[in-house]
Structure formats: structure tokens, C-alpha cells
Amino acid sequence: QNVRIDPTSISFSMWKDIPVPFYMSVYFFEVLNPKEILRGAKPVLNQRGPYVYREFRYKTNITFHDNDTVSFLEYRQLFFQPDLSSGSEEEYIVVPNVLMMGAAVMMENLPNFVKLLLSGALAGLKQEAFMNRTVGEILWGYEDPLIDTINSLVPGLIPFKGKFGLFVELNNSNSGLFTVNTGMKDISKVHMVDSWNGLKKVNYWRSNGCNMINGTAGEMWPPFMSPTSLEFYSPDACRSMTLVYEQSGKFKGVPTYRFVAPKTLFANGTDYPPNEGFCPCMQSGIQNVSTCRLKAPMFISHPHFYNADPVLVNAVEGLHPSKDQHGLFLDVHPMTGIPMNCSIKLQLNLYIKQVPGIIQTGKIKPVVLPLLWFAESGSIEGSVLKQFYTNLVLIPSLLDYLQYIFLALSVPLIISAAVLMARSQRTAAEKSPRHPTTQSKPPPSSETTPLLHDAGMLSQDDAEA
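Residues numbered from 1 in each chain as written. Predicted model: local features only at pLDDT ≥ 70, side-chain atom pairs only at ≥ 80, totals over all residues. Heavy atoms only, no water.

**Points about the overall build of the chain**
Of the regular secondary structure elements, the chain holds 11 helices and 15 strands. Residues classed as buried in the chain amount to 47% of the 465 residues present. Considering only intrachain contacts with a sequence separation of at least 6, the fraction spanning at least 24 residues in the chain is 65%. Total accessible area on the chain is roughly 23,600 Å²; 56% of this is exposed by carbon and sulfur atoms. (Helix = DSSP H or I, 4+ residues; strand = E, 2+ residues; numbered from the N terminus. Buried < 20%, exposed > 50% of the residue type's maximum accessible area, 1.4 Å probe, protein only. Contact = heavy atoms within 4.5 Å. Areas by Shrake-Rupley, 256 points an atom, 1.4 Å probe, with all protein chains shown as cover.)

**Description of the state of the cysteines**
The full count for this structure, using the stated rule, is 2 disulfides. Between the sulfur atoms of Cys238 and its disulfide mate Cys292 the distance is 2.1 Å. Here Cys238 and Cys292 share a disulfide; its torsion about the S-S bond, 90 degrees, makes the bridge right-handed. Remark: Cys292 occurs in the loop between strand E11 (286-288) and strand E12 (298-301) and Cys238 occurs in the loop between strand E8 (229-234) and strand E9 (239-251); sequence separation between them is 54 residues. The two residues Cys238 and Cys292 agree in class, both being buried. Linked covalently through their sulfurs, Cys279 and Cys281 form a disulfide whose S-S length is 1.8 Å. Given an S-S torsion of about -90 degrees, the disulfide between Cys279 and Cys281 has left-handed geometry. Of the residues examined, Cys281 reaches a relative accessible area of 33% and is grouped as partly exposed. Sequence-ordered numbering of the bonded cysteines in the chain gives a disulfide pattern of 1-4, 2-3. With no disulfide partner, Cys210 has as its closest neighbouring cysteine sulfur the one in Cys279, 8.3 Å distant. Of the residues examined, Cys210 reaches a relative accessible area of 5% and is grouped as buried. (Disulfide = S-S within 2.5 Å.)

**Digging into the side chain of Ser240**
With respect to the helices, strands and loops of the structure, Ser240 is situated in strand E9. For Ser240, a relative accessible area of 11% gives the class buried. From its side chain, Ser240 meets the backbone oxygen of Met212 in a polar contact 2.8 Å long. Side-chain polar atoms of Ser240 contact the backbone nitrogen of Asn214, separated by 2.8 Å. (Polar contact = N/O pair within 3.5 Å; in protein donor to acceptor, adjacent residues only side chain to side chain.)

**So, the packing of aromatic side chains**
Considering all chains together, one arrives at 20 aromatic pairs under this definition. With 4.3 Å between their ring centres and 10 degrees between their planes, Tyr27 and Trp373 make a pair best called stacked. One end of the pair, Tyr27, is in strand E1 (residues 22-31); the other, Trp373, is in strand E15 (residues 367-379), with 346 residues separating them in the sequence. When its relative accessible area of 4% is taken as the criterion, Trp373 is described as buried. For the ring pair Tyr53 and Trp140, a centre distance of 5.5 Å and an interplane angle of 80 degrees mean the geometry is edge-to-face. On the criterion of sequence distance, the pair formed by Tyr53 in strand E2 (residues 45-64) and Trp140 in helix H5 (residues 135-140) is long-range, its members being 87 residues apart. Trp140 shares its class with Tyr53; the two are buried. Through a chain of ring-to-ring contacts, the aromatic side chains of Phe12, Trp15, Phe72, Phe178, Trp196 and Tyr233 assemble into a single cluster. (Phe/Tyr/Trp six-rings, centres within 6.5 Å; stacked < 30°, edge-to-face > 60°.)

**Quick word on the confidence of the model for the chain**
Of all residues in the chain, 83% have pLDDT values of 70 or greater, and the mean over the chain is 86. When the elements of the chain are averaged for pLDDT, helix H11 (residues 445-464) gives the smallest value, 41, and strand E4 (residues 92-96) the largest, 98. Taken as a whole, residues 437-465 scores under 50 in pLDDT and shows 10 contacts with residues more than four places along the chain or in a different chain. (pLDDT = per-residue confidence, 0-100.)

**Focus: the packing of helix H4 (residues 112-124) against helix H6 (residues 146-153)**
The relative placement of two packed helices comes down to the angle between their axes together with the axis-to-axis distance. Following both chains from N to C, one finds H4 and H6 inclined at 160 degrees, their axes separated by 11 Å at the closest point. Judged by the angle between their axes, H4 and H6 are roughly antiparallel. Between H4 and H6 lies a crossing of right-handed hand. Here Leu117, Leu118, Ala121 and Leu122 of H4 lie close against H6, whose contacting residues are Leu146, Thr149, Ile150 and Leu153. Here the residues of the contact of H4 with H6 sort into 7 nonpolar, 1 polar and no charged. (Axes fitted to C-alpha atoms, helices over the stretch in contact; angles between N-to-C directions. Parallel < 35°, antiparallel > 145°, perpendicular 65-115°, else oblique. Left-handed = near helix turned anticlockwise from the far one by under 90°. Nonpolar A, V, L, I, M, F, W, Y, C, P; charged D, E, K, R; others polar.)

Below you can see the structure in the form of C-alpha cells.
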């Protein structure tokens, strides 16, 4: 009852306004040899960061429905943390010109005269394949006249106006309208997604299985979990994700199941046929998200191409994939389905190449180039952890110990009662008259019943004592 989505439940306030301090750490891949890349050289990268942001999440528009569901919008706000970061938002970093290079690849199959017009416009705007901008501009946006220029040449190619930034829509925004089960009638369905933005499935992908909205919204899961797998729908990845059980453990004394990403999560359709619906695919370890990212040639992966085809790692210099640093995980309390500790990590990549007719792309060899990776991490701590530990670990443990203590105390009482009963039966037998020629009869029940009753009462009273 305490994990249902109900204003009277203990976990409701935790669900409504998540008390866990979340942090988003962002790492950029600085391009060290932009001029050489334009001549066909292998990209050389240097990781910069972390640039850390405190993340606050809260729910609004909470509406309960008659069919055991509740709808809500969850917003997140991000605040830069200078003391936890390895640099400021004003630092400059050389990265690909995402807008220009993305548009170039998107226009590859258009008529040559259109590409020549774009190339001339790019020259007039002094646009180049790589740009030197601040961390704040790359993440939260900058004004770029290229947006209007591209839309004038190819209307609708970039369907937005204003600032362009990789995370421009992340801050002070919601992740869509979720409708989830409350668990009031069936606790096994609590937190399971009923619909997202009114949809039972999305239409980004090429198969029904890939378009399914499965699992929860990624915050909590139904209680009494089994050590197998868990699912959640990620609006950021435009898909449902399945994590698999790795091991049991404890987080600050609280028992947990650890779930991690399987190697098949971002595998291509050849290596893992169920993922064929996410194609067109390249090597295993990256997922094409262009269908839900304005057709831009964007890919997501694990940081540093961890668990990916070695071809992707070897195509650039400066990557060092590691499970400890780049593998995502969720530590969940299996009895309640509440995460105790988590770190979700994803990398954004841009596919770049030479595009004939657009001279700004030079002789760039086709490559999936890492842009940045980020980790959203949080763990229960402080008073919330203390309450959690007391209610779900300490008290149940004490009850278990008391059970054994009462059992140990009851043993001598049971023995004493048995001895007293045996003695009373022997005394009654000695007092009863005996006839040598007549077989003795067992004492009537009226003589033994009071003794049994007294012994039972003694055992019960002593046990209660």
C-alpha cells in the first residue's frame, strides 16, 4: 500500500517531488585537429569536463482518472555547479559545426545547384565545418543566421527558429505527458506506463516491437521485483529500454538488485534481429535517432563507444571505453521497486562526411564523431535514506530476531509444561483404585482436561510475558 500512487501513501511525496539530489555531468570531446580532418585525417579528440549541473525534478498537472491511472508532466531544472566542475560555462571548445554539418549530410541527395547555393551562403556567413564556442553556447543555444538561410533554401529542413543548442530543450522543460497506473487495484501494475502524450506506441521506428511503450517512466518500478530485467520508456532516446539483472548487493545497508545495459541494447539488426526496426543501422553499439531528431544524422551510444564495435572506437583517437566509467546501472530495492542509486549515461554522436557540392565539408572521411556524453546520477541519502533503512531494513530485521528470541524462550516453557502434565497424569494414576482381576482403565477426560488447559494457559501466559 505504501508504494501505490496515492496521496495517502508514504511514497507519494517522494514520487511527486523527487527528494533525491540528481546531478548531470557533461563531458565534451574537443577536436584537436580540425584542419587535418578536412584533409582526410583521422579525428583526434580530447575529453573535457565534467561540467556539472544540479538537477531538480517535479511533477505538475497531476490528474487522477477512474481507470486506476494518473497523468502528469514532469519538469526538470538544471543549475550549473562551479565547485563540482572542471571548468566554467565560458570556456571555449572546438567541436563540429553541428547545424552546418548536419544540414550538409541531410542535403546530400538534393540537386547539385541547391547544394552549390548552400555552399555559397555558407561562405557568405563565414560558416566552417568546425566551430569554437563556449560550453554554455553549445549546450543552451546560440543565435545562428544559418537557420533562416537553410530554411529559405530548403523550407522545413530545420523546423525551428531562434537559438540552436544540443540541450536547448532540456532545461525548464517537460518530458511529455505520462499516464501511468496507480496500483490502487493491482499493485503489480503500479508505475507502468499506460500512455505517453496520449499514445500507446510511438511511430518513430519501422516495427511494432520497436515502437512499443514498455515499462515505467524510469523513476520507480512495481514492488517484489525478480532478478531478471526491468523496462522503462525514455523520451530522450525515443524508445523503450530493457536493462538486465547483474548482481545483488547493498547500498548503505539496503539490499538492492543491480540492473545494467545488455550488449544488445544498441546492437544493429544483423547482430540482434529484434533491433532491425531501429535501422537504417551502421555498426553495433550506436543507434540512429534521426527519425526523432529532425532527420539530423545523430546517433546515441554508450560513452566512448563502450560495448560497441571496435571499428567505431578505432575510427578516432582519444577514446578509452571502460565499464566502470562508462557503463550505466540502476540499483533498485527489490521489495519496493524504488531506485537507491543510479547513473544513466549516454553519448551523442554526429555522422559527418564529405558532401559533393558543399566545399566546406572538404575531404572529411565518413565517421561517427562523438560530440559529448553525459551522466545523470543520483542516490538516496540523508533523512530519506534513514527513514528508508529504518522502515524497510531495521524494523523487519528486529522482527526476525524477536521471532527467534520468542522461539528460544518458548522451548523451556514447553518442556516445563510437558513435565508438569506427565507428573499430573502419574499422580492421578497412583490415586485411582486398582483391582487385580480387572484391567485398569484410562483416567476420564474430566480429570486430564483441566491440567491440559492449565498447562496450555501457562505456556500462553509465559510466552506473552
